[in-house]
Amino acid sequence: MTEVERHNYDVVVIGAGGAGLRAAIEARQRGLTTAVICKSLFGKAHTVMAEGGCAASMGNVNSNDSWQVHYRDTMRGGKFLNNWRMAELHAKEAPDRVWELETYGALFDRTEDGRISQRNFGGHTYPRLAHVGDRTGLELIRTMQQKIVSLQQEDKAEFGDYEAKLKVFQECTVTELLKDDSGAISGAFGYWRESGRFVLFETGAVVMATGGIGKSFQVTSNSWEYTGDGHALAMRAGASLINMEFVQFHPTGMVWPPSVKGILVTEGVRGDGGVLKNSEGKRFMFDYVPDVFKGQYAETEEEADRWYTDPDNNRRTPDLLPRDEVARAINTEVKEGRGSPHGGVYLDIASRMPAEEIKRRLPSMYHQFKELADVDITAEPMEVGPTCHYVMGGIEVDPDTGESTVQGLFAAGECSGGMHGSNRLGGNSLSDLLVFGRRAGLGAANYVESLERKPVVLQSDVDSAARSALSPFEPSDGEATRENPYTLQHELQQTMNDLVGIIRTADEIERALGRLAEIRARVRNVVVEGHRQFNPGWHLAVDLRNMMVVSEAVAKAALLRTESRGGHTRDDFPMLDSDWRNRLLVCRASGEDQVVPDVTVEPKDQVPMRQDLLELFELSELEKYYTEAELTTHPAAQGDTA
Amino acid sequence: MTSTETGVHAPPRPRLPVPSLRTDRWWLPPLLTVVGLSIFVIYATFRAFQQNYYWVEDYHYLTPFYSPCMSNGCLENAAHFGRFLPDHPLIPYAALSLPLLLLFRLTCYYYRKAYYRSFWLSPPACAVPEPHTRYTGETRLPLILQNVHRYFFYAAVIISVINTYDAILAFHSPDGGFGLGLGNIILVANVVLLWCYTLSCHSCRHVTGGRLKHFSKHPVRYWVWTKVSLLNTRHMEFAWITIGTLILTDLYVFLVASGAIADPRIIG
Amino acid sequence: MSYQGQFRVWRGDSDGGSLEDFEVEVNEGEVVLDIIHRLQATQAPDLAVRWNCKAGKCGSCSAEVNGRPRLLCMTRMSLFDKDEVITVTPLRTFSIVRDLVVDVSYNYEKAREVQEFTPPKDLAPGEYRMQQEDVQRSQEFRKCIECFLCQTTCHVVRDHEENKLAFSGPRYLIRIAELEMHPLDAADRTDTAQDDHGLGYCNITKCCTEVCPENIKITDNALIPMKERVAGRRYDPVVWLGNKLFKRGK
């Protein structure tokens, strides 16, 4: 029998980013004992990297804003593939979630009349992003971290123990979800990174909030933690993933020096007046406004510049098109030879506002370029290029409760799918974390309370999970070459970046799948040196399996979707195809291998949008995305036929 | 040096062979501080007890080291506020102001940093171990008395007003009318810099506005606070500059009063 | 452009350890963390180091480079001569776990002892009104990325293990300052700063400010203002006398 440290909790949240912490706060406030497990130290989650802001239609800066406008923007940004119910809940609840943060102690930037200031961002009709300079994510994570401590202080006062009802297990990796006979979640198995010792959480409900998969790509803004653990664990537990082909490449990542390639340059630079230029000094975005957005963006530089000060009478600059459009445009400019010396384009704010203003509005960007690239952004333009930033796809969940297709497994944040459709708008991520983090916490709490008896962990499952976690220490096959996890990770990242990256073709994806199959075979032969105590080689070997599974899901789904939409661009099918709009690609685990299972992908139709929501759009706009048959219920369409 | 049981050598910590791995010349700044402060203290002590060459009768130059001059030993014209202190070799002529100014600088947040680091080596430089086995900081006597800094600030403001008054009276020519010489420029520059040092004080920053919770309800004090804060970022610079200008001003008056040099006159 | 750099990295655990020499390739534009990663990938796969964002935003990769506490991801190699031996060691104020990883739980324990934001009773969510000039002081302290470099460099605990009990360190003193200056926080933080968190131990020697990667003016904007508030409350004879005479205060 394996030696395992055991814990018992009502709800276990995996991941301590924005969604995880918000879920934990909710579950604890419902009176349940709650554990939060995270791979890094508490407070270091990738949410700190979010810069621009948190979208919520509070209407503090422009009172024309409302949840309906936000809803429309979100659906447009996602090219109408979004789960409309999630987009609706998100638009309606985001303001309350932001205001709630103020009661936890958050200090957003203010308007003249003392309310929360809001800034412009790509794809948002009005200034909508609550922000703190360009470090909004840090503010969110710190605020919720401190709220958790505050709840622990209440517990200390009541029970004499800070951790009586809510405990953070930091630097702890979950390697397996466990289920009982009936198929409901019964626990989570993992190890302490520090000591390498095993730990078992017996629980009725797991909330997955592990973030994204960016580490499967070579050029990424994501940290090492983003290995798709939640996606892979859920799949292996039997849950389905949707939309995995949609990967957002943020248009502006740093391109030089090589060691920082991919690090994010906030969209706030463009929101506050920065413009993209090619090597000829031309503001090229005016040439890249796609048909579906024609008429909504400025057509001359003069109009675009007027918009910053007079948004009611001018249209916004195309520099602020949704991220997928801008990323593709930059890609094209570079490919056609109009790029900067290090293979990007120029992002210029230096010539657009005084140095002091830049430092005040974008302090951490100033700092980042000064320290990492020796570039003074108040004096010269930045060089930027696309970087893998966010995965729209994730665990398929019930919009209202966050429950996946597995009983007792909930998901929120980036590792859940549907909310953002084929492309996420900037600023919608932080609000997504808050809205659905809370809902998943509630959903899990309700579920646990409704259980008649707690699901039981089977000892045999614990033993096999332990064996599987330790297998990298013991080469199974004496004949095979011993593989280095760092080398395999590098090859995987290279494959995904080159062949399933921002622009895809069937041929390249097939080649990628071939290489992935080869890497998968070698993953079994990974051998690590040293012992279990804080051993990064071992940690990577374990994470690598997850990266493998999600990479296959992305590639297979990308091959099936024969159109271009949002974060999925097929060179061989460059157009939006209305027949594909309603179709989701669902990924499931299959095959014999428990650790790195095969992935099967099947199409599935979405539930049609509720009538009152459909009526929020003009028929003429919907016609760009929908098939004619889908629009017969729209009042304007009925008017035509009547 | 440090006992092997505490600090960076305490048992649970990583066991490194040396107390500090710093490779730069970390010992230079504390050394310079010791040299700089020592020069000032020696010079100031010598001058404070010299009881001579502090007043230039022709131009009414009074050195700040003797202002206000209140001893019965003071020259009549140099004593702008009366003479009542006993004339004794161990009592400086400016025995009322000098101790207060000394204490103002002694309790100043910048000078505290400077001498804690350089004279007391607590710590000599960042991440370089201090040689003391115990440390209680400013939690008990006598160092807890550093907390009365603001009273010395109030005193320093009054003395700065007096220094300003001295500098104005010094626009004097031997015939009794308006006069202007190099000495005036030095005296005025010194007074301006003294004001900069005094007003950039952290206590000043606190009492003018820092103590408020809501700046928006006190717009005038907020404005003052922003200006004081601006000066405050230069407090260290002003601390050193005024040491220099004090010595320079005093030395100039000393040299002119003793007849070693003549004051170049512009007017009168 | 590339050259072979000389490195000495401390490896070991609570049983002991030593500085090990490595020769590693260094390329243009790299930071010390890149070198550590190259070491992991090529020569020492089990070399333990914490890191996350690699952009100076999360504060995970704190260590000491040539004896100075720094973020590995923000320490550019161009800072050093090509023939210089660069020493990388773990933070020396906390217990060692392994290699460059130390046990930072002291900080989390201290965090719990700071009474959290106390919201005003009469305001509902959405009703908070605060002016920019009233929030910007606290906003500076909220830039803190909790890298704990200030905690590790502060001699009060670095050189005196026994002071860890009474002293919370610069990070948590600025947290108290942040709440004290928060325009809507309802709690009084002056006495607790002095009595429970050891503000009096600080001798304002400014090493915390020197090492802060976010350039927070810890000493000038938080510690000294808090000391002044304590002075006003506890050590100001006029205030004390006034309170006695007019029976003000609590």
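Residues numbered from 1 in each chain as written. Chains lettered and ligands numbered in written order. Predicted model: local features only at pLDDT ≥ 70, side-chain atom pairs only at ≥ 80, totals over all residues. Heavy atoms only, no water.

## What to know about helix 4 (residues 136–159) of chain A
All names here are of chain A. The first and last C-alpha atoms of helix 4 sit 34 Å apart over 24 residues, in line with the 34 Å expected at 1.5 Å per residue. With 19 of 24 residues buried, helix 4 is to be regarded as a mostly interior element. The positive-phi residue at the C-terminal boundary of helix 4 is Gly-160, with phi of around 80°. (Helix = DSSP H or I, 4+ residues; strand = E, 2+ residues; numbered from the N terminus. Expected span 1.5 Å × (residues − 1). Buried < 20%, exposed > 50% of the residue type's maximum accessible area, 1.4 Å probe, protein only.)

## What to know about the nonpolar core
By size, the foremost hydrophobic cluster in this structure holds 272 residues, and its most contacted members are Leu-177, Phe-201, Met-208 and Met-609 of chain A together with Ile-36 and Leu-72 of chain C. Per-element tally for this core: the top contributor is helix 15 (residues 536–560) of chain A, with 13 residues. (Core = buried A, V, L, I, M, F, W, Y, C linked by side-chain atoms within 4.5 Å.)

## Looking at the interface of chain C and chain B
Across the boundary between the two partners, chain C contributes 64 residues, which contact 58 residues of chain B. Here chain C meets chain B over a buried area of about 5000 Å², counting both sides, of which 50% is carbon and sulfur. Here Arg-68 of chain C and Asp-24 of chain B are joined by a salt bridge, their closest N and O atoms 2.9 Å apart. Our enumeration of links across chain C and chain B arrives at 41 residue pairs in polar contact (both at pLDDT 80 or more). Here the side of chain C that touches chain B takes ten residues from helix 9 (residues 218–235) of chain C, the largest share from any one element. (Contact = heavy atoms within 4.5 Å. Buried area = accessible area lost by both parts, 1.4 Å probe. Salt bridge = Lys/Arg side-chain N within 4 Å of Asp/Glu carboxyl O. Polar contact = N/O pair within 3.5 Å; in protein donor to acceptor, adjacent residues only side chain to side chain.)

## Focus on the side chain of Ser-404 of chain A
By the secondary structure assignment, Ser-404 of chain A is in the loop between strand 15 (394–396) and strand 16 (409–411). Only 3.0 Å separates the side chain of Ser-404 of chain A from the backbone nitrogen of Val-406 of chain A, close enough to count as a polar contact.

## Details of the layout of surface pockets
Of the pockets and cavities examined, the second largest pocket occupies roughly 1300 Å³. Among the elements of the structure, helix 13 (485–499) and helix 15 of chain A together with helix 1 (32–42) of chain C are those that each provide at least two residues to the lining of the second largest pocket. In terms of residue class, the lining of the second largest pocket is built from 14 nonpolar, 18 polar and 13 charged. (1 Å grid on protein atoms, 1.4 Å probe; cavity = no way out; pocket = protein on both sides within 12 Å on 5 of 7 lines; lining within 4 Å. Points joined across faces, edges and corners; volume = space filled by probe spheres on them. Nonpolar A, V, L, I, M, F, W, Y, C, P; charged D, E, K, R; others polar.)

## Details of the packing of aromatic side chains
Residue and element names in this part refer to chain A. Per the counting criterion, the structure on display carries 38 aromatic pairs over all chains. Seen from their ring centres, Tyr-9 and Phe-169 are 5.8 Å apart, and the 85° between their planes marks the pair as edge-to-face. Separated by 160 residues along the polypeptide, Tyr-9 in strand 1 (residues 4–14) and Phe-169 in strand 6 (residues 166–170) bring together distant segments of the chain. Residue class for Tyr-9 comes out buried when judged on its relative accessible area of 8%. (Phe/Tyr/Trp six-rings, centres within 6.5 Å; stacked < 30°, edge-to-face > 60°.)

## Overview of the state of the cysteines
Taken as a whole and judged by the stated rule, the model has two disulfides over all chains. Note that Cys-69 of chain B is cross-linked by a disulfide to Cys-74 of chain B, the S-S spacing being 2.1 Å. On the sign convention where negative means left-handed, the S-S torsion of about -90° between Cys-69 of chain B and Cys-74 of chain B marks this disulfide as left-handed. In this model, Cys-126 of chain B is linked to Cys-207 of chain C through a disulfide, with the two sulfur atoms separated by 2.1 Å. (Disulfide = S-S within 2.5 Å.)

## What to know about empty space enclosed by the protein
All names here are of chain C. Tallied over the full model, the rule gives twelve cavities of 30 Å³ or more. Its volume calculated, the second largest cavity comes out at about 120 Å³. Listed by contribution, the elements that provide at least two residues to the lining of the second largest cavity are strand 3 (62–65) and strand 7 (101–103). In terms of residue class, the lining of the second largest cavity is built from twelve nonpolar, three polar and three charged.

## Some remarks on the sheet that holds strand 14 (residues 382–391) of chain A
Residue and element names in this part refer to chain A. Within the open sheet, the four strands sit side by side as 11-14-13-12. Their pairing is antiparallel. If you trace the sheet from one side to the other, it starts and ends with strand 11 (247–254) and strand 12 (275–277), each paired once. Ignoring strand direction, the axes of neighbouring strands in this sheet form an average angle of 45°. The sheet contact formed by strand 11 and strand 14 spans six bridges and is antiparallel. Across the sheet, Gln-248 pairs through a bridge with Tyr-390, a residue of strand 14. (Pairing = 2+ DSSP bridges. Axes fitted to C-alpha atoms, helices over the stretch in contact; angles between N-to-C directions.)

## As for the side chain of Arg-128 of chain A
All names here are of chain A. Tracing the backbone shows Arg-128 in the loop between strand 4 (118–119) and strand 5 (129–130). Taking relative accessible area as the criterion, Arg-128 reaches 0% and is therefore assigned buried. A polar contact is formed between the side chain of Arg-128 and the side chain of His-124, at a distance of 2.9 Å. The contacts of Arg-128, once residues within four sequence positions are left out, are Cys-54, Ala-55, Ala-56, Ser-57, Asp-65, Val-69, His-70, Asp-73, Gln-118 and Arg-119.

## With respect to a nonpolar patch on the surface
Residue and element names in this part refer to chain B. A surface patch of nonpolar side chains, amounting to about 460 Å² of accessible area, comprises Phe-178, Leu-182, Ile-185, Ile-266 and Ile-267. Looking at the nonpolar patch, the elements that each hand over two or more residues are helix 5 (182–199) and strand 4 (265–267). Here Leu-182 shows up in helix 5. Residue Leu-182 is classed as partly exposed on the basis of its relative accessible area, which comes to 33%. (Patch = residues over 30% accessible without salt bridge, like charges linked within 9 Å, V, L, I, M, F, W, Y side chains within 5 Å. Areas by Shrake-Rupley, 256 points an atom, 1.4 Å probe, with all protein chains shown as cover.)

## Quick word on the pairing of strand 18 (residues 583–590) of chain A
Residue and element names in this part refer to chain A. Examined bridge by bridge, strand 10 (residues 241–242) and strand 18 share two bridges and lie antiparallel to one another. Residue pairing for strand 18: Leu-241 is matched across the bridge by Cys-587. One ladder, built from eight bridges, connects strand 18 with strand 19 (residues 598–605); its direction is antiparallel. Looking at strand 19, one finds that Ser-590 is bridged to Asp-598.

## Quick notes on helix 4 (residues 149–169) of chain B
Between its terminal C-alpha atoms helix 4 of chain B stretches 30 Å, which fits the 30 Å expected from 21 residues at 1.5 Å a residue. Taken together, the buried positions of helix 4 of chain B are occupied by His-149, Arg-150, Phe-152, Phe-153, Ala-155, Ala-156, Ile-159, Ser-160, Ile-162, Asn-163, Asp-166 and Ala-167 of chain B. Summarising the contacts, the buried residues of helix 4 of chain B are in contact with strand 2 (61–62), helix 2 (97–106), helix 3 (109–118), helix 5 and helix 6 (202–210) of chain B together with helix 9 of chain C.

## Let's talk about the pattern of salt bridges
Considering all chains together, one arrives at 100 salt bridges over all chains under this definition. With its nearest N and O atoms 3.1 Å apart, the salt bridge here joins Glu-228 of chain C to Arg-150 of chain B. Placement of Glu-228 of chain C in helix 9 and of Arg-150 of chain B in helix 4 is noted, with the two residues assigned to different chains. A single burial state applies to Glu-228 of chain C and to Arg-150 of chain B, both of which are buried.

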